[in-house]
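Listed here are the chains, written in short residue letters.
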Amino acid sequence: MKFFTQRLTLREIEESDLAALAEIYQDRQARQYEQSQDAVYDEAAVRARIERSLADRSEDPRTRYHFAVTVPPADGLVGWVSLKYNDPDYRVWEIRWSL
């Protein structure tokens, strides 16, 4: 799944995003508004997040989406966006991002 705008592309997270995601997760300023601000994200933790993102694709119905933010023409990740379906009774989605 991909979304295109004039300046950005959102595409699903891929295994090849490991290094770029690790860099973002290790940047305290990029995570300053996260609840888990003090969490340590080593390569294994970031790899686990990517694996969970890949596994989420097979859910039916799908309740989580994880997108890489890229700036065309390059396809390298510069940030991420996630959508999570939190409350089916009220149809509430949570949106998170980091750039």
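Please refer to the structure placed before this passage.
Residues numbered from 1 in each chain as written. Predicted model: local features only at pLDDT ≥ 70, side-chain atom pairs only at ≥ 80, totals over all residues. Heavy atoms only, no water.

A. Quick peek at the pairing of strand S2 (residues 9-12). Pairing analysis gives 3 bridges linking strand S1 (residues 2-4) to S2, with the strands arranged antiparallel. Among the inter-strand pairings, Phe 3 is bridged to a residue of S2, identified as Leu 10. In sequence, S1 turns back onto S2 through a hairpin of 4 residues. (Pairing = 2+ DSSP bridges. Helix = DSSP H or I, 4+ residues; strand = E, 2+ residues; numbered from the N terminus.)

B. Inspection of unusual backbone geometry at higher detail. Cis rather than trans, the peptide bond between Asp 60 and Pro 61 has omega equal to 5°. When you line up the elements, Pro 61 lands in the loop between helix H2 (43-56) and strand S3 (64-70). The peptide bond linking Pro 72 to Pro 73 adopts the cis configuration, its omega dihedral lying at 10°. Looking at where Pro 73 falls in the secondary structure, it is placed in the loop between S3 and strand S4 (77-87). In this model, Arg 91 sits at a positive phi of 55°, which is unusual for a non-glycine residue. Among the secondary structure elements, Arg 91 is positioned in the loop between S4 and strand S5 (92-98).

C. A look at the layout of surface pockets. One number sums up the size of the second largest pocket: a volume of about 290 Å³. Arg 49, Arg 52, His 66, Ser 82 and Arg 96 are the residues nearest the centre of the second largest pocket, which is lined by 17 residues in total. Those elements giving two or more residues to the lining of the second largest pocket turn out to be helix H1 (18-25), H2, S3, S4 and S5. With 5 residues, S4 is the single largest residue contributor to the lining of the second largest pocket. (1 Å grid on protein atoms, 1.4 Å probe; cavity = no way out; pocket = protein on both sides within 12 Å on 5 of 7 lines; lining within 4 Å. Points joined across faces, edges and corners; volume = space filled by probe spheres on them.)

D. Expanded view of the side chain of Glu 12. Within the secondary structure, Glu 12 is located in strand S2. In this structure Glu 12 comes out as buried when scored by relative accessible area, which is 11%. Side-chain polar atoms of Glu 12 contact the side chain of Arg 62, separated by 2.6 Å. Once residues lying within four places of it in the same chain are set aside, the contact partners of Glu 12 are Met 1, Asp 17, Arg 57, Arg 62, His 66, Phe 67 and Ala 68. (Buried < 20%, exposed > 50% of the residue type's maximum accessible area, 1.4 Å probe, protein only. Polar contact = N/O pair within 3.5 Å; in protein donor to acceptor, adjacent residues only side chain to side chain. Contact = heavy atoms within 4.5 Å.)

E. Looking closely at the environment of Leu 8. With respect to the helices and strands, Leu 8 occurs in the loop between S1 and S2. The class of Leu 8 is partly exposed, set by a relative accessible area of 36%. C-alpha of Leu 8 to C-alpha of Val 71: the two residues are 63 residues apart in sequence and 4.9 Å apart in space. Not counting the four nearest positions on each side in its chain, Leu 8 is found in contact with Phe 3, Val 69, Thr 70, Val 71 and Pro 72.

F. How the structure looks around the packing of H1 against H2. Contact geometry of H1 with H2 gives a least axis separation of 9 Å together with a crossing angle of 115°. The two elements H1 and H2 cross, and the hand of that crossing is right-handed. For the pair formed by H1 and H2, the contact residues are Leu 18, Leu 21, Ala 22 and Tyr 25 on the first element and Glu 43, Val 46, Arg 47, Arg 49 and Ile 50 on the second. (Axes fitted to C-alpha atoms, helices over the stretch in contact; angles between N-to-C directions. Left-handed = near helix turned anticlockwise from the far one by under 90°.)

Purely spatial values, then, with no claim about function.
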